[in-house]
Amino acid sequence: MSTTLPALLVAGHGTRDDGGAEAFRSFVRELGRRHPELAVAGGFIELSPPPLGDAVTELVEQGVRRFAAVPLMLVSAGHAKGDIPAALSREKERHPGITYTYGRPLGPHPSLLAVLERRVDEARGEWAREDVTVLLVGRGSTDPDANAEVHKAARLFWEGRGYAGVETAFVSLAAPDVPSGLDRCVRLGARRVVVLPYFLFTGILPDRVRQQAGDWAAAQSDAEVRCADVIGPEEELLALVMERYREALKGDLRMNCDSCVYRVALPGFEDKVGLPQQPHFHPDDDGHHHHHGSGHHHGHAHAH
């Protein structure tokens, strides 16, 4: 294995769904298989094994001293903005001598929008594209900037693809929820709706999207509803992670801080400005209780 290239550390959100966690682990293994010139490891911030700290230890035990961390996340919410940078700072304390660069989340990259388009085509079947309204459903966050990124993805997905419309909803923590989003589609004249989960892999929340959409459809007759699949471990996703890895090495991060609650006093979120970021302690992370008192500031200089 080459020691000239920094390693790739993939940081995942975590899920209580075993299938979703294994999809992440399988994805990381495939990245390693395709790039034998790199040391590749992956771990989760919460809920699923292995914890991110174990992944860093795995790399260190292979002789790695430099790595680039890429958050395998679609939007810049609390995990990408705070938890992962804080966890990486903690790992630097645990493993003196390592250095790292931190990449940006995946975002509504054109290649992922192309995958979403395929998912809608699979779900709509014989329905004409111009008759279909798409309801893009994001995870949902207490961070308004993260929710705005889902709306941006919906708008970019609508542009030039010929759908009747693209609306936005969230499955947790933010409004509108899935039933409310479907109600809005109907009020705007939709009669055929494809619910499109804006998620990378299967899991509890994508399953909830499908369940809520099915329950809503069963309770009324105003519109036909079909559900699309998640993005999945597609070629485009594999390529995009490597693109984020390469731009992290070059320092070409371009993170948007203009509307981040840790930097800007947004209405209703003024108390978050300048908050120090604590590592998100994974239940499987050995020795995590030794570090509860040490806070690290936001990963892209949002603290005062």
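Provided above is the structure to which this section pertains.
Visitor: Could you give me a rundown of the nonpolar core, with the residues and numbers involved?
Guide: Counting 50 residues, the largest nonpolar core has Leu8, Leu31, Leu72, Leu106 and Phe157 as the members making the most contacts within it. Among the elements that take part in this core, helix α8 (residues 235-250) stands out by supplying 7 residues, more than any other.

Visitor: Residues and numbers for the packing of aromatic side chains, please.
Guide: Considering all chains together, one arrives at 4 aromatic pairs under this definition. Ring centres of Phe157 and Tyr163 lie 5.3 Å apart, and the angle between their planes is 25 degrees; this geometry places the pair in the stacked category. Classification of Phe157 by relative accessible area gives buried; the value is 1%. Tyr163 gets classed as buried once you look at its relative accessible area, which sits at 5%. Seen from the ring of Trp127, Arg226 lies directly overhead, with NZ or CZ sitting 3.9 Å from the centre.

Visitor: Tell me about the environment of Pro50, and please be specific about residues and values.
Guide: Inspection of the secondary structure puts Pro50 in the loop between β2 (40-44) and α2 (52-61). For Pro50, a relative accessible area of 24% translates into the label partly exposed. Separated by 29 residues in sequence, Pro50 and Ala21 place their C-alpha atoms 9.4 Å apart.

Visitor: Residues and numbers for unusual backbone geometry, please.
Guide: The omega torsion of the bond from Pro49 to Pro50 falls at 0 degrees, within 30 degrees of zero and hence cis. Residue Ala175 is joined to Pro176 through a cis peptide bond whose omega torsion reads 0 degrees. Position of Pro176 among the secondary structure elements: in the loop between β6 (165-170) and α6 (178-187). Although it is not a glycine, Leu47 adopts a positive phi angle of roughly 75 degrees. With respect to the secondary-structure elements, Leu47 resides in the loop between β2 and α2. Given a relative accessible area of 31%, Leu47 falls into the partly exposed group. Despite not being glycine, Leu173 has its phi angle at roughly 70 degrees, a positive value. Locating Leu173 in the fold gives a position in the loop between β6 and α6. Leu173 gets classed as exposed once you look at its relative accessible area, which sits at 65%.

Parameters and conventions
- Positions within a chain are numbered from 1, following the residues in the order the chain's sequence is written.
- Two thresholds apply to this predicted model, a pLDDT of at least 70 for residue-level local features and 80 or more for giving and counting side-chain atom pairs, whereas whole-chain, interface and lining totals are computed over all residues.
- The side-chain quantities take in all heavy atoms of the structure and omit both hydrogens and water.
- What we call a nonpolar core is a set of buried Ala, Val, Leu, Ile, Met, Phe, Trp, Tyr and Cys residues that are connected through their side-chain atoms within 4.5 Å.
- Relative accessibility thresholds used throughout: buried, under 20% of the residue-type maximum; exposed, over 50%; partly exposed, between the two (1.4 Å probe, protein chains only).
- Think of it this way: any DSSP run of H or I at least four residues long counts as a helix, any run of E at least two long counts as a strand, and we number them from the N terminus.
- Each pair of aromatic rings taken from Phe, Tyr and Trp, with Trp reduced to its six-membered ring, is defined by centres within 6.5 Å and is described as stacked if the planes are under 30 degrees apart, edge-to-face if over 60, and tilted in the remaining cases.
- Any Lys NZ or Arg CZ that is within 6 Å of a ring centre and within 35 degrees of that ring's normal is treated as a charge sitting over the ring.

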